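The primary structure of each chain is shown beneath.
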Amino acid sequence: MNIKILGTRAKVKKSLSNHAKHSGVLIDNKLLLDVGEKEFLDYKPEYILFSHLHPDHAWFVETNEQLRVDIPVYAPELSRYIEKVNLLHSPITLDGYKITPIPTLHSIKVKSVGLLIEYGGKRLYYSGDLAWIEKQYHPLLHDLDLVITEGSYIKKKGVIRRKDDQIYGHQGIPDLITLFSRFSPKIIFMHLGTWFMKDAKTGMQKIMELQPKGVELDVASDGKEYEL
Ligand SMILES: [Zn+2]
Ligand SMILES: [Zn+2]
């Protein structure tokens, strides 16, 4: 799989030119995961899949437009912002790519999933935004080749809020590393928060200091490509 990270900025002020665009990941020029910027449609993907409908992952929510495209669109919930949406609640196969939505804890108001994508014997997991993944879903993450996740907060525990018995928000990078290093030899961070935007070089160093033995960490920039 060719994986192109189109945008690496969380919902924070734009300050670095190579971390300017909001979330989007393009796989083999076919699958577009999240559309944080309208321009991502120029890649002419064949399928669009949303992790969730927050504006930094679905640009039209911010501008109050409706997404109208002539390709299949999948999302974890129906939305007035998308003309025609296919519900993403069970595994699907698109053009040989097996895609399994795995529910994530992130928001009280919107439904969210991470996407397990299997193709050519490789297993990739894109988390979208993440407070946590409930334990019952962890077995689905076995033997991953790559995890692409969010980097909103470098501090442990990130910003996690609680309503009744549900947690929501964004988990800290140290905790995400602990979680995903059990399942994958490589973790790429995107969706970078203010802490990173102040100074990318220092930010990169801070993440690398957390690198566990046997696990490769990387920080994506807008347009960076990976082969799997
Ligand atoms: Zn979000
Ligand atoms: Zn986000």
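This one's a predicted model, so the numbers in the text were calculated from it and none came from an experiment.

Participant: Explanation requested: the pairing of strand β11 (residues 146–151) in the structure shown.
Facilitator: Taken residue by residue, a regular strand's side chains alternate between the two faces of the sheet. The buried fraction of β11 amounts to six of the six residues, a majority that puts the element mostly inside the structure. The sheet contact formed by strand β10 (residues 122–126) and β11 spans three bridges and is parallel. Its bridge partner being in β11, Y125 is matched across the sheet by V147. With five bridges joining them, β11 and strand β14 (residues 186–192) adopt parallel strand pairing. Paired with V147 across the two strands is I187, which belongs to β14.

Participant: Mind showing me how you'd approach the UniProt feature "domain: Metallo-beta-lactamase" (unreviewed entry) in the protein chain here?
Facilitator: Following the UniProt record, the feature "domain: Metallo-beta-lactamase" (unreviewed entry) maps to residues 45–180 here. For residues 45–180, helix accounts for 10% and strand for 34%, while the C-alpha atoms at its two ends are 28 Å apart.

Participant: Help me understand the packing of aromatic side chains, please; the structure alone is not making it clear to me.
Facilitator: To describe a pair of aromatic rings, one takes the distance between the centres and the angle between the planes. For the coordinates displayed, the defined rule picks out five aromatic pairs. Taken together, a centroid distance of 5.7 Å and an interplanar angle of 85 degrees make the contact between F50 and F60 edge-to-face. Taken together, the residues F50 in the loop between β4 (47–49) and α1 (59–63) and F60 in helix α1 connect sequence positions ten residues apart. On the basis of relative accessibility, which here comes to 0%, the residue F50 falls in the buried class. Its relative accessible area of 0% is what places F60 among the buried residues.

Participant: Where do I start with the pattern of salt bridges in this structure?
Facilitator: Side chains that differ in sign of charge can pair as their charged atoms come close. On inspection of all chains with the given rule, the structure shows ten salt bridges. The salt bridge involving R123 is made with E118; its shortest N-O contact spans 3.0 Å. According to the relative accessible area criterion, R123 is buried, its value standing at 11%. Between K157 and D175 there is a salt bridge, and its shortest N-O distance comes to 3.7 Å.

Participant: Explain the coordination of the zinc ion (ligand 2) to me, please; I cannot follow it from the model alone.
Facilitator: Ideal coordination angles are 109.5 degrees for a metal with four donors arranged tetrahedrally and 90 or 180 degrees for a metal with six donors arranged octahedrally. Around the zinc ion (ligand 2), the protein contributes the donor atoms D56 (OD), H57 (NE2), D129 (OD) and H191 (NE2), which lie 2.1 to 2.2 Å from the metal centre. Note that the zinc ion (ligand 2) binds four donor atoms; their angles at the metal cover 87 to 160 degrees, and the shape is irregular.

Participant: I tried to follow the coordination of the zinc ion (ligand 1) on my own but got confused; where do I start?
Facilitator: Around the zinc ion (ligand 1), the donor atoms from the protein are H52 (NE2), H54 (ND1), H106 (NE2) and D129 (OD), and they sit 2.1 to 2.3 Å away. Because the angles between the four donor atoms bound to the zinc ion (ligand 1) fall within 91 to 164 degrees, the donor set is best described as irregular. Read N to C, the donor residues that coordinate the zinc ion (ligand 1) are spaced as H-x1-H-x51-H-x22-D. Separation of the zinc ion (ligand 1) from the zinc ion (ligand 2) amounts to 3.5 Å, with D129 serving as a shared donor to the pair. Taken together, the residues H52 in the loop between β4 and α1 and H106 in the loop between β8 (97–103) and β9 (113–119) connect sequence positions 54 residues apart. In terms of burial, H52 and H106 fall into one category: buried.

Participant: Where do I start with the sheet that holds β4 in this structure?
Facilitator: Strand pairs in the sheet, formed through backbone hydrogen bonds, run parallel or antiparallel to each other. Pairing is mixed in the open sheet, where seven strands are placed in the order β6-β5-β4-β3-β2-β1-β16. Across the chains shown, the open sheet's two edge strands, defined by having one partner strand only, are β6 (86–87) and β16 (225–227).

Participant: Would you take a moment to explain the pairing of strand β1 (residues 2–7) for this structure?
Facilitator: Where burial is concerned, most of β1 is hidden: six out of the six residues are buried. Bridge count for β1 against β16 is three bridges, and the pairing is antiparallel. Bridge pairing in β16 places I3 opposite Y226. Across four bridges, the pairing between β1 and strand β2 (residues 24–27) is antiparallel. When the bridges of β2 are listed, I5 appears paired with V25.

Participant: Sorry if this is basic, but what is going on with the environment of D218 here?
Facilitator: Assignment of secondary structure puts D218 in strand β15 (residues 216–219). Once residues lying within four places of it in the same chain are set aside, the contact partners of D218 are I187, I188, F189, M204, M208, K224 and Y226. Within the structure, D218 has its side chain in polar contact with the side chain of K224 (distance 2.9 Å).

Reading the values: rules and limits
Residues numbered from 1 in each chain as written. Chains lettered and ligands numbered in written order. Predicted model: local features only at pLDDT ≥ 70, side-chain atom pairs only at ≥ 80, totals over all residues. Heavy atoms only, no water. Buried < 20%, exposed > 50% of the residue type's maximum accessible area, 1.4 Å probe, protein only. Helix = DSSP H or I, 4+ residues; strand = E, 2+ residues; numbered from the N terminus. Pairing = 2+ DSSP bridges. UniProt positions renumbered as here; feature names shortened; annotations may be inferred. Phe/Tyr/Trp six-rings, centres within 6.5 Å; stacked < 30°, edge-to-face > 60°. Salt bridge = Lys/Arg side-chain N within 4 Å of Asp/Glu carboxyl O. Donors = N, O, S within 2.8 Å, 3.2 Å for Na, K, Ca; no water. Tetrahedral: all angles 85-135°; square planar, octahedral: opposite > 155°, others 65-115°. Contact = heavy atoms within 4.5 Å. Polar contact = N/O pair within 3.5 Å; in protein donor to acceptor, adjacent residues only side chain to side chain.

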